Amino acid sequence: MPVEQTLSIIKPDATRRNLTGKINALFEDAGLKIVAQRRIRLTKEMAEKFYEVHAERSFFDDLCNFMISGPVVVQVLEGENAVAQNRQIMGATNPANADAGTVRKLFGESIECNSVHGSDSLENAKTEIEFFFAKMDIVG
């Protein structure tokens, strides 16, 4: 199986509740390695640029406002099939529909406040990682 990297964001609802360690433990227990990590506060411009793929969707403004409402933890996860594995660990977008034991089932409050973001493809992972990290920031 190929070793991949994917972007993970621990969202403001989770950082507000001090869940970073618990969420990261789920990633690490599943075999993913955190190879870069930074706690930041997104600006409105950063959130709009990062989520520009959703600019025409009705939830875009609410999403951007939510993502700037508090600090986030941006990180690069590495492991075999990291993109798919991370998405499985996160669970369904709506916590009500997420499988037991997933991040969103355990910690998500709503569709918007679902605690985590993860890249949905290898191509998007590369773009998203480059948005937040320089190559020298990623150490294995």
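Okay, so let's go over this structure. (Residues numbered from 1 in each chain as written. Predicted model: local features only at pLDDT ≥ 70, side-chain atom pairs only at ≥ 80, totals over all residues. Heavy atoms only, no water.)

1. As for helix 2 (residues 20-29)
Along helix 2, the residues classified as buried are T20, I23, N24 and F27. End-on, the buried residues of helix 2 take up no more than an arc of 95°, which puts them together on one face. Relative to its buried face, helix 2 has exposed residues pointing more than 90 degrees away, namely G21, K22 and D29. Just downstream of helix 2, G31 is the residue with a positive phi angle, here 100°. (Buried < 20%, exposed > 50% of the residue type's maximum accessible area, 1.4 Å probe, protein only. Helix = DSSP H or I, 4+ residues; strand = E, 2+ residues; numbered from the N terminus. Arc of directions from axis to C-beta.)

2. Thoughts on helix 5 (residues 82-90)
All of the buried residues along helix 5 are A82, V83, N86, I89 and M90. In a view along the axis of helix 5, the buried residues occupy a sector of 130°, so they form one face of it. Residues of helix 5 that are exposed and angled more than 90 degrees away from the buried face: A84 and Q88. Of the surrounding secondary structure, the elements contacted by the buried residues of helix 5 are strand 1 (3-10), helix 2, strand 3 (72-80), helix 6 (103-107), strand 4 (116-118) and helix 7 (122-132). A positive backbone phi angle near 90° is found at G91, which sits one or two residues after helix 5. (Contact = heavy atoms within 4.5 Å.)

3. Overview of the pairing of strand 1
Strand 1 sits mainly inside the fold: six of its eight residues count as buried. Note: strand 1 against strand 4, three bridges, orientation antiparallel. Residue pairing for strand 4: S8 is matched across the bridge by G118. (Pairing = 2+ DSSP bridges.)

The values are spatial; any link to function lies outside them.
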